[in-house]
Structure formats: structure tokens, C-alpha cells
Amino acid sequence: MIEIRDDVPSSSPLEQHIPSSSSPPAARNLGGWKAIRYILGNESFEKLASMSLIANMTVYLQNKYHMGGASNVNVTTIWSGSSNVTSLLGAFLADTYLGRFRTLLFGTISSLLGMVLMTLTAAVPQLTPPKCEGESHCLQPEKWQLGFLFVSLGFLSIGAGGIRPCNIAFGADQFDTTTAKGRANLESFFNWWYFFFTIALLVALTGVIYIQTDVSWVIGLVIPTACLCISISIFLIGRHTFICKKPQGSIFADMLKVITAAYRKRQLNIALGSQLSFYDPPINDSDFHLKLSPTDRFKFLDKAAIITDPSELDAQGRPKNTWRLCSLQQVEQLKCLAALLPVWVSGIACFIPMDQHNAFGILQAIQMNKSLGSHFKIPPGWMGLTSMIALSIWIFIYEFVFIRQAKKLTGKDKGFTVAQRIKIGIVMSILCMLVAAIVEKKRRDSALKHGSFASPITVAVLLPQFILSGLIEAFAAVAMMEFYTTQMPESMRTVAGAVFFLSLSISSYVGSLLIYIIHHLTGKNEKSPPWLGGHDLNKNRLDYYYYVIAGLGAVNFLYFNFFASRYAVNSSVGEVELEKSNCHSKLHGDEEKGLEIHLR
């Protein structure tokens, strides 16, 4: 039987896996490594299934649905963005209504339904348009065929929304981190989680993609479908070992309440100062370190906590209507989020090149010489491995070479600041687009010269742009995730992840909008080929599009360098920067010292 625990709130992943000392004896026999083995098994097979489809979706849409560059990339980016948006909804439902166990279960079932429908598109010829006659004469899919495809992608997005925000947090719930052993086990769990995630990723990006591209799409999609069946089976078999905590509300709902209450009281004069009475209830001594200090920024939000009439409180001193009166703690939490917006906007612009390149770069690989020897052709989906390898190598160099050498020279564990890494990431995004544009022009000129659909130039020339794409993530994405996490108080760590995924989502939508605008504008000129669109990249000027994205990257660099960088507080430098960030909690004595050591 599943044990429901309601001893801690669900607003924070760190808070949620701290059980009460008064837990019933039965609960202490749950969780731990006997539960983790089922969670790791479930997660490994789920990731193998999802990543084998995500990495090869661009190729599948072109081969089976004959989608050209613009429509192909739009479908993949909107699908990617939607999967990140549903992650926010999944986090809200898990924290407020369903709990993590049910959210994970429903998410995996939804992914299985989506994968079954996707497999049918490969197995049933009537669900896709007929095969192309030659390289350029391809019939477009019917609306009902696209509808069936979009329904399958919708189920997959819903499934991702239930899985992504809950998988790691549910594993963390299984350990008692009030003990040294529990904390050590939790750290070990993270290591094993990333280990199995990497193994699943390598299998998906090599073996499964090869089967899909060079053997059979049907078999290549049946494999991830079977993996999801195994994933659900493992999860249900292990259900008797899980600690499942009762949902007790979401911080997202609190933020919406603050905005609503502040708007309702917008006519109040906040300048009255001491004449105003604010709702600031005391909190438990055990949670005192989560208390946020009042700040003077975004003062209009303080109106949400003003008590305009004693009748707003009940006999116990609590608000009768939480949509009209919020606590100062809730107000300060929203202020913390608002303070991240300048850097967050820069992150959206930075991720656009990475997102677009990962789609268009695959299309470039399709129209190049993929032969490796006389009997083997490199699957285009394998190009994504280059970005992963580049990211991994840089992280290894940074952690085990750069940081150690810096410590020998300065005596401190000091690497690049958050702002410096974001700037480098933006520069990498610009270089990535410039290199991609130069390579695309050479590829196109070569193909036109030989009068062929695929250029005789080897696909290896794409490696530099894929390496740069990986370095964008290694510098900018990692730095921004660290920034969001360190600048949020402990009670808002779930929000940090949600903010990061939301930036990825919006970058996908903005990229799709840019594709639509550029395709619409350049398609009107009959004297020159459109920059985007169509099945054949040789009839487009993709290199011009890359230059436009590089120009946007240059604008983003100026924006971040002269404006947003001042908000990118590098908390890793310690106490001075900590004082600049008003979003950190009040700390005392040894707790403060421990935090400073951790941040250094």
C-alpha cells in the first residue's frame, strides 16, 4: 500500500523529502534504496524511449511527412516548447492535487499513448503521404494525417509535463536528509540518476536512432514503445516501496494570489508607510531560516499584504479570502522571481540559436555526404552526440583542470562568474550561427554545382557548429540554471527549475515566430529564392537566416553586457554578493557560515 505523508509542505523539493520525527513505524520501512531501484529503472527506460524520438524527430518528419525546412522546424520547436510549458502545469498539479507518484504515473501513461500513436504513423501507410518520386516531387500530408500526428505529439507533451518536474524530486522524497546517512544517500542517488540517464541517452542516440534511420522506422518506434511499457511495469511493481507525500499547495498559486490581491487594492496609497497595517504572520521556529527580509523594490506588490479592514481576518487571525489578502512572505517570494526577469529575457534570446540550430543542423546533415567508408552511412540524428560530447568535455576541463589550476594560483575555488559564463555563452551562440551560415553556403554551392540533392561535402564539416551549440549550453544554460537556483530562497527551488524550463519554451515559440515571419517576407520576392521553406534546402537561403539569428545574438550581447549583467549576481563569491541579493533567507550563526562555504 502507498504511504501518504503530509508531515511537510510540498512547496520545495528540499522541504518535501524531510520526514517528521513522529512518522509512523510503517513509513520508516518505505523509501530508501529499495524504492530507488524501481525509480531508476522506470526513469532509464522512459528516457531511452523519449530521447530516441526527440533526437530523430526532424528526420522522421522529413522522411515520412515530407516537411520542408520551415514547417519541419516549426513542428519540432513548438512541440519542444509545449513540452516545457506542460512541465509547469505538471509541477502545479503534483504540488496541489495529484502528488508526485500519480503525476509520474499519469505522465508515463500519456507518453505511452503518444508513442503508440506515433508508431502507428510508421506502421500504417494510410497515416502518412505516399513516398516521394525522386528527391523533390513529394506530396504533402492531408490535414487529417497531420491531425493524427499532432494528437500523438500532444500526448507526448502531456506525458513530458508529468514526468520532467517530478522524477528527480520523487527520488529525493525516498531519503531522510535529517541524517548524515540520508544526505549521503541522496547525493549518491543524484550521481546514479545522471549515470543511468547518460547510459539511456547514449543507447537512444546511437543504437535506436541507427535502427530508425537505416533499418526500419516501425522497429525503431516499437522499441521505445516497449521501453515505456517496461517503465510503467517497473514503476507499478515498486509502488509498495515508495514514500508518497500528500500535496499541500503550490507556490505558483501563491504568486497568482499576490498579483490578484495587489490589483484589487491598486487604488491604495503605499506611501502612507507606518499608517498601514501589513499581514505578516509568524512562522514556526524550524522554518525561520526560510523567512524573507522585506525589500523596497516593486513596492506596488506590497499592496497585496495591506490589511484594509479588520474584517479581512477570521477569529484565528488568518485571511478569510486569500485572493484579497496575502502575507508579506508571499509578496517577497514574487519579488524574488521578478528580480530575475532581466537575466531571464537574455536567456530566451540566447537559447534561440541553440534550439534552431539543433533542428536546421539536422536538415543540413540530411543533404550532405554521410558515408563513412563504403558500407556505412552516419545517421543525421547522431550529430547531436557532438554537442553532448562537447558539453561533457568542457565541464570536465572546467571542474578538474581550470578550477584546480585557479585554486593553485589564487588559493580559492574560483572560476568564471555567472555573468562571465553567460557572456561567453552568448558569444558562442553568435559564433555558432556564423559558422553554420558559412558551412551552409559551401554546402549549397557544392550541391548546385554538382546538380544533386545532397552535397558531396562530408557531414564532418558540420562538427564545429554542433560543438559550438554544445558550448552554448555548457556556458549559458548551466550558468543560468545555477543563477536561478542560488538567487532563490530554499522554499522556491522548484520555481527555479520552472523558470528555466519556461525560458526554453518561450525561446522555441519565438524561434517559430521568426521562421514564420522570415518565410512570409522572403517568399514574396520572385526574383530570389526564399530563405526558408520547401523540402530542398538547395532552393532556399538558410545561410541568410543564420546571419539574422547571429545578428539577434549580437543585440542580446549588448543588452546583457550593458543592462542585464548587473542583475546576474554571482552568489558564489560569497558574503558581499549575498548582501546584494535580497532574495536570500535570514540565517543565524553556523547556518550562515555553512551556506557561505557551500556557495564558495
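For clarity, every value in this text was computed on a predicted model and none was experimentally measured.

Moving on to the pattern of salt bridges. Going through the model one piece at a time under the given rule, you end up with 12 salt bridges. With its nearest N and O atoms 3.9 Å apart, the salt bridge here joins Asp 314 to Arg 318. Since its relative accessible area comes to 25%, Asp 314 is described here as partly exposed. Residue class for Arg 318 comes out partly exposed when judged on its relative accessible area of 47%. Each of the salt bridges in this network shares a partner with another, and the network as a whole consists of Lys 299, Asp 302, Glu 332 and Lys 335.

The next subject is helix 4 (residues 57-65). Of all nine residues making up helix 4, eight are buried, and the element is well covered by its neighbours. His 66 occupies a position one or two residues after helix 4 and carries a positive phi of about 60 degrees.

A surface patch of nonpolar side chains, amounting to about 530 Å² of accessible area, comprises Trp 33, Trp 192, Phe 195, Ile 199, Leu 202 and Val 203. Broken down by element, the nonpolar patch gets its largest block of residues, five residues, from helix 9 (residues 180-215). Within the secondary structure, Trp 192 sits in helix 9. Looking at Trp 192, the relative accessible area reads 40%, which means it is partly exposed.

Now for the packing of aromatic side chains. For any pair of aromatic rings, the description rests on two quantities: the centre-to-centre distance and the angle between the ring planes. For the structure shown, the criterion picks out 18 aromatic pairs. Ring geometry for Phe 101 and Phe 235: centres 5.0 Å apart, planes at 20 degrees, overall stacked. Placement of Phe 101 in helix 6 (residues 100-123) and of Phe 235 in helix 10 (residues 217-237) is noted, with a sequence separation of 134 residues between them. Classification of Phe 101 as buried rests on a relative accessible area of 8%.

So, on to helix 6. The terminal C-alpha atoms of helix 6 lie 34 Å apart, and with 24 residues this matches the ideal 34 Å at 1.5 Å per residue to within 8%. Most of helix 6 is tucked away, with 17 of its 24 residues classed as buried.

Before going further, it helps to examine the packing of helix 4 against helix 6. Relative orientation of the contacting elements helix 4 and helix 6 amounts to 40 degrees, with a least axis distance of 11 Å. Between helix 4 and helix 6, the angle falls in the class oblique. Helix 6 is crossed by helix 4, and the crossing has left-handed handedness. Contacts between helix 4 and helix 6 involve Met 57, Tyr 60, Lys 64 and Tyr 65 from the former and Met 118, Thr 121 and Ala 122 from the latter. Residues that form the contact of helix 4 with helix 6 fall into these classes: five nonpolar, one polar and one charged.

Not every positive phi belongs to a glycine, and His 66 is a case in point at roughly 60 degrees. Within the fold, His 66 resides in the loop between helix 4 and helix 5 (69-98). A positive phi is found at Phe 298, a non-glycine position, where the angle reads about 50 degrees. With respect to the helices and strands, the residue Phe 298 is situated in the loop between helix 11 (251-264) and helix 12 (328-339).

A word on the confidence of the model for the chain. This prediction gives the chain a mean pLDDT of 80; 85% of its residues lie at or above 70. Every residue in residues 571-581 scores below 50 in pLDDT, and together they form 16 contacts with partners more than four places removed in sequence or on other chains. For the stretch residues 585-600, pLDDT sits under 50, and the model shows 24 contacts to residues farther than four places along the chain or on other chains.

The rules behind these values
Residues numbered from 1 in each chain as written. Predicted model: local features only at pLDDT ≥ 70, side-chain atom pairs only at ≥ 80, totals over all residues. Heavy atoms only, no water. Salt bridge = Lys/Arg side-chain N within 4 Å of Asp/Glu carboxyl O. Buried < 20%, exposed > 50% of the residue type's maximum accessible area, 1.4 Å probe, protein only. Helix = DSSP H or I, 4+ residues; strand = E, 2+ residues; numbered from the N terminus. Patch = residues over 30% accessible without salt bridge, like charges linked within 9 Å, V, L, I, M, F, W, Y side chains within 5 Å. Areas by Shrake-Rupley, 256 points an atom, 1.4 Å probe, with all protein chains shown as cover. Phe/Tyr/Trp six-rings, centres within 6.5 Å; stacked < 30°, edge-to-face > 60°. Expected span 1.5 Å × (residues − 1). Axes fitted to C-alpha atoms, helices over the stretch in contact; angles between N-to-C directions. Parallel < 35°, antiparallel > 145°, perpendicular 65-115°, else oblique. Left-handed = near helix turned anticlockwise from the far one by under 90°. Contact = heavy atoms within 4.5 Å. Nonpolar A, V, L, I, M, F, W, Y, C, P; charged D, E, K, R; others polar. pLDDT = per-residue confidence, 0-100.

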